[in-house]
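Chain and residue survey
Chain by chain, the residues run as shown.
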Amino acid sequence: MVSFRLRQVGALFGGRAILANRPMVRVRRRAKSNASSEPMKKLFEINPAIDRQACASRFAERTRVQIRDVLTRETAEEIRMILARGTRWGLAVRAGDGTANPPRSFYPHEVATPAGAEEANKAALAAHQASARGDYAFRYANYPILDALNQKWDPDGPYELLLEYLNAADFLDLVREVTGFLDLIKADAQATFYAPNHYLGRHNDSHVAEGWRVAYVLNFAPDDWHPDWGGYLMFLDSDGDVIEGFRPRFNALNLFAVPQAHLVSYVPPFAPMGRFALTGWLRT
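As a convention, each chain's residues are numbered from 1 in the sequence order in which they are written. Where totals are concerned, whole chains, interfaces and linings use all residues; where local detail is concerned, this predicted model gives features only for residues with pLDDT of at least 70, and gives and counts side-chain atom pairs only at 80 or more. Just so you know, side-chain values use all the structure's heavy atoms and leave hydrogens and water out.

1. A closer look at the pattern of salt bridges
Each salt bridge in this description consists of a side-chain nitrogen of Lys or Arg and a carboxyl oxygen of Asp or Glu lying within 4 Å of one another. The full count for this structure, using the stated rule, is 16 salt bridges. As a salt-bridge pair, E77 and R80 come within 3.2 Å of each other at their nearest N and O atoms. Of this pair, E77 and R80 both sit in helix α2 (residues 73-85), three residues apart, roughly one helical turn. Between D135 and R133 there is a salt bridge whose closest N-O contact spans 3.2 Å. Every helix listed is a DSSP run of H or I at least four residues long, and every strand listed is a run of E at least two residues long, numbered separately from the N terminus.

2. Overview of the side chain of S265
You can see S265 is positioned in the loop between β12 (262-264) and β13 (275-283). Excluding residues within four positions of it along the chain, S265 makes contact with H198, Y199, G230, G231, Y232 and M234. Here a residue-residue contact requires only that any non-hydrogen atoms of the pair lie within 4.5 Å.

3. Examining helix α7 (residues 169-179)
Only protein chains enter the accessibility calculation, which uses a 1.4 Å probe; a residue is then buried when its area is under 20% of its type maximum, exposed when over 50%, and partly exposed in between. Along α7, the residues classified as buried are F171, L172, L174, V175, R176, V178 and T179. Positive backbone phi, at 80°, marks G180, one or two positions downstream of α7.

4. Description of the layout of surface pockets
Here the term cavity refers to a set of points on a 1 Å grid, laid over the protein atoms alone, in which a 1.4 Å probe fits but cannot get out; the term pocket refers to an open set having protein on both sides within 12 Å along at least five of seven lines, with lining residues being those that place an atom within 4 Å of a point. Grid points are joined across faces, edges and corners, and a volume is the space filled by probe spheres set on the points. Computed from the structure, the largest pocket encloses a volume of approximately 950 Å³. The wall of the largest pocket is formed by 38 residues, among which F138, Y140, Q190, W212 and W281 lie closest to the centre. Residue polarity follows a fixed list, in which Ala, Val, Leu, Ile, Met, Phe, Trp, Tyr, Cys and Pro are nonpolar, Asp, Glu, Lys and Arg are charged, and the others, Gly among them, are polar. Residue composition of the lining of the largest pocket, grouped by class: 20 nonpolar, eleven polar and seven charged. Considering only enclosed or pocket space, the second largest pocket measures out at about 270 Å³ in volume. Every residue lining the second largest pocket is counted, 13 residues in all, and those nearest its centre are S131, G134, D135, G201 and R202. Partitioning the lining of the second largest pocket into residue classes produces six nonpolar, four polar and three charged.

5. Comments concerning the pairing of strand β8 (residues 212-219)
Taken across its eight residues, β8 has seven buried, putting it largely inside the fold. Bridge count for β8 against β13 is seven bridges, and the pairing is antiparallel. Bridge assignment links W212 to a residue of β13, and that residue is R283. Only when DSSP finds a minimum of two bridges between them are two strands counted as paired.

6. Overview of the packing of aromatic side chains
The geometry of two aromatic rings is summed up by the distance between their centres and the angle between their planes. In this analysis, rings of Phe, Tyr and Trp, with Trp reduced to its six-membered ring, are considered paired at centre separations within 6.5 Å, and the interplanar angle assigns stacked below 30 degrees, edge-to-face beyond 60, and tilted for intermediate values. Per the counting criterion, the structure on display carries 19 aromatic pairs. With a centroid separation of 5.4 Å and an interplanar angle of 35°, the aromatic rings of W89 and F193 are classed as tilted. With W89 in the loop between α2 and β2 (90-95) and F193 in strand β6 (residues 190-194), the pair connects residues that are 104 residues apart, well separated along the chain. Looking at W89, the relative accessible area reads 5%, which means it is buried. Given the relative accessible area of 2%, F193 is considered buried. Arranged with centres 5.1 Å apart and planes meeting at 20°, the rings of Y140 and Y194 form a pair that is stacked. In this pair, Y140 sits in strand β4 (residues 137-143) while Y194 sits in strand β6, placing the two residues 54 residues apart along the sequence. Taking the relative accessible area as the measure of exposure, Y140 reaches 9% and is therefore buried. Feature note: the residues F44, Y165, F171 and Y216 constitute an aromatic cluster, connected by ring pairs. Definition used: whenever NZ (Lys) or CZ (Arg) falls within 6 Å of the ring centre and also within 35 degrees of the ring normal, the charge is taken to sit over that ring. Directly above the aromatic system of F235 lies the positively charged group of R64, at a separation of 5.0 Å from the ring centroid.

7. Remarks on the confidence of the model for the protein
pLDDT gives the predictor's per-residue confidence on a scale running from 0 to 100. Residues at a pLDDT of 70 or more form 85% of the protein, whose mean pLDDT is 88. Predicted confidence for residues 1-11 stays below pLDDT 50, and this span has 23 contacts to residues more than four positions away or in other chains.

8. A look at the nonpolar core
Residues belong to a common nonpolar core when they are buried Ala, Val, Leu, Ile, Met, Phe, Trp, Tyr or Cys residues joined through side-chain atoms within 4.5 Å. Core analysis: the largest hydrophobic core is formed by 47 residues, its most contacted members being F220, L255, L278 and L282. When residues no more than four places from it in sequence are discounted, the contact partners of L282 are F171, L172, V175, L184, K186, A187, G211, W212, R213, V214, Y216 and L255. If you look at the next biggest cluster of nonpolar residues, it comprises 18 residues, including Y136, F246, F256 and A271.

9. Considering the packing of helix α1 (residues 52-62) against α7
Running from amino to carboxyl end, α1 crosses α7 at an angle of 55°, the nearest separation of the two axes being 7 Å. Taken together, the axes of α1 and α7 lie oblique to each other. Where α1 approaches α7, its residues R52, C55, A56 and F59 are matched on the opposing element by D173, L174, E177, V178 and T179. Per-class residue counts for the contact of α1 with α7 are five nonpolar, one polar and three charged. Structural elements are reduced to axes, namely lines fitted to C-alpha atoms, with helices fitted over the stretch in contact, and the angle between N-to-C directions of any two is expressed from 0 to 180 degrees. Any angle between 65 and 115 degrees counts as roughly perpendicular, while under 35 counts as roughly parallel, over 145 as roughly antiparallel, and the rest as oblique.

The following block contains the structure:
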């Protein structure tokens, strides 16, 4: 049984402290006439050494692939720093199958209040109970990038820029080339953080009517993430057997066609903090 401490927001994240409200990395969109001569840091850069043909062959065979070292090390480290030190996390929860149990998203400012933290903890406990029944459920920390953009949480901040990079030609062309889906035109995104007691139950992303074609997980977990710490992206056959699993490696991009059955395995209480990622879908 998972213990929830209602008076501490940290209980939502495995009972540990979350680094939040640290200064975010700011990357200017364009040089200004009065800008200093200090070089701007790069935030997102595709690794030119990727063997795209090999990745495309594997995707064609299995409808899924993990591309390791997808970004340059410098830019991957910058993104991991934003996720670990510059993010105010909320909580994404679902507690059961069907339209009667829709997913809920508790925003960072909501879980920062005692009443909001209590409500989020109740929802997380309901997810625990739904999973015990065998229903679809999940709970994990998230930062809803599209909501943050629309509601102007941090204008011109790094997440706004990251969303632009995920929709720029360099990234979309990489995904098109690897998947063979040349009609992909846009990506949505959320930042996710799986702490102890977090997981994503089995489902298949069957929202194809919305134009979803490919799901992606851009991982920024610690380099030495241990298999015992969970957080694996696992794919299942019709009998519920695991047919493939991807370790949450640092700077690795998982791509898989939807719909197909998958889950993110439970992160146990003894796991360290740090299964960070940018996740979403690429659409036609």
